[in-house]
Structure formats: C-alpha cells, structure tokens
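One-letter residues, chain by chain:
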Amino acid sequence: MRRLLVPLLLLAATATQAEEIGSVDTVFKFIGPDHKIVVEAHDDPGVQGVTCYMSRARTGGISGALGLAEDKAEASIACRQTGPIRIPQPIKAQEEVFNERISLVFKRLRIVRMVDAKRHSLVYLTYSDRLIEGSPQNSVAVVAVDRATPIPLR
C-alpha cells in the first residue's frame, strides 16, 4: 500500500503545477538569468477541459536564480475551453485553484475560480497578495459553460 501511496501523493502535488509554455527576455543580465515574461498553462484541477494561460514577470539576475528576488505583482490571464467540460465532483462557488510564491516569504500569486450560476459561467481571477498589503492589480477571464453541462456546487 505504501508503494501506491507515494506515487499518488506525487501526482496530487503536481496536479496544480504550472506548465511553462514559453518566455521572452525583457532585460539582459550579465550574471544570472535575464528578466523575462513567462507564459504558463494552468489546468483547472476541479473542472476538466478548462485551461488558464497566465503571463507574468519573472525576475532574473543572481537573486532571481537563487529564488531570493521578488517578482512583480502584475499578471494577465486568459482561460479557455480546451476539451469537453466535465465537473466530476461538486465545486465551491469560490475557490482558489492555484497559488505560487513570488517572493522569498511574503508574496503569493493566486488564481481563484468563481461560479456565476446565473450566467452558467466560470470566472477566473488572478491577483497577488502580501502578508501585510496586497496589490490591487488583477486580471479576470470567463469561460462560458454549455447549459447542458451542470455545474454542481457544494
């Protein structure tokens, strides 16, 4: 049983990982990686057939290479239906579906899914927050769900 549990835990841990699609350099750094804008794909873990694409800044240089840099709080998101939409388990009306540390300790980038039941749509919001003060910069995307596909809520 233990042999089965470890791969399942690893699979669960990677289920919400971002997949980097590509990047462009924005500032050349002599030492360490360049500053860049990365585009990542995030598959919604609760809704099959929906992928969110997020672009965001990634700080380079020595501090970026060591994971000590604080990335900017700016991000953009576009979510699309990438296959048949299926919701195998009831989902919350509002739920965080992804978060990632963008500074050493205090800052996180988040994607929250909200259900607009009246319009039968899924709304995705990306923003960053800090322990003390977050950023008002945000981006939103909407995926309309066919009315024949139920959106079960818990």
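Let me sum up the structure you'll find in this document. (Residues numbered from 1 in each chain as written. Predicted model: local features only at pLDDT ≥ 70, side-chain atom pairs only at ≥ 80, totals over all residues. Heavy atoms only, no water.)

1. Focus: the state of the cysteines
As enumerated under the stated definition, the model contains one disulfide in all. A sulfur-sulfur distance of 2.1 Å marks the disulfide that ties Cys52 to Cys79. Its S-S torsion of about 105° marks the bond between Cys52 and Cys79 as right-handed, since a negative value means left-handed. Here Cys52 is found in strand β3 (residues 48-58), whereas its partner Cys79 is found in strand β4 (residues 75-86), with 27 residues between them in sequence. For the pair Cys52 and Cys79, one class covers both residues: buried. (Disulfide = S-S within 2.5 Å. Helix = DSSP H or I, 4+ residues; strand = E, 2+ residues; numbered from the N terminus. Buried < 20%, exposed > 50% of the residue type's maximum accessible area, 1.4 Å probe, protein only.)

2. Remarks on the nonpolar core
Most often, soluble globular proteins have nonpolar side chains that are buried together. Within the largest apolar cluster, 21 residues are counted, with the highest numbers of intra-cluster contacts made by Val47, Leu122 and Tyr124. Counting residues per element, this core draws most heavily on β4, at four residues. (Core = buried A, V, L, I, M, F, W, Y, C linked by side-chain atoms within 4.5 Å.)

3. Observations concerning the side chain of Asp44
Take Asp44: it is sitting in the loop between β2 (35-43) and β3. A distance of 3.3 Å separates a polar side-chain atom of Asp44 from the backbone nitrogen of Val47. Those residues in contact with Asp44 that sit more than four places away from it in its chain are Val50, Val97, Arg113 and Tyr124. (Polar contact = N/O pair within 3.5 Å; in protein donor to acceptor, adjacent residues only side chain to side chain. Contact = heavy atoms within 4.5 Å.)

4. Observations regarding the sheet that holds β3
In spatial order, the strands read β1-β2-β3-β4; together these four strands make up an open sheet with antiparallel pairing. Edge strands, defined here as strands with exactly one partner in the open sheet, are β1 (19-27) and β4. Each strand of the sheet is rotated relative to its neighbour by a mean of 15°, with strand direction disregarded. Direction of pairing for β1 relative to β2: antiparallel, over a ladder of seven bridges. Among the inter-strand pairings, Glu19 is bridged to a residue of β2, identified as Ala41. (Pairing = 2+ DSSP bridges. Axes fitted to C-alpha atoms, helices over the stretch in contact; angles between N-to-C directions.)

5. Concerning the environment of Met114
Within the secondary structure, Met114 sits in strand β6 (residues 107-116). For the pair Met114 and Ala93, spaced 21 residues apart in sequence, the C-alpha to C-alpha distance is 5.6 Å. Excluding anything up to four places from it in sequence, Met114 contacts Ala93, Gln94, Ser121, Leu122, Val123 and Leu125.

6. Here we look at the pattern of salt bridges
Within this structure, the stated rule accounts for seven salt bridges. Between Glu100 and Arg56 there is a salt bridge, and its shortest N-O distance comes to 2.8 Å. Linking Glu100 in strand β5 (residues 94-101) with Arg56 in strand β3, this pair joins segments that are 44 residues apart in sequence. The exposure class assigned to Glu100 is partly exposed, which follows from its relative accessible area of 24%. Measuring nitrogen to oxygen at the nearest pair gives 3.1 Å for the salt bridge that ties Asp116 to Arg119. Three or more residues joined by partner-sharing salt bridges are found here, namely Asp44, Glu95, Arg113 and Arg154. (Salt bridge = Lys/Arg side-chain N within 4 Å of Asp/Glu carboxyl O.)

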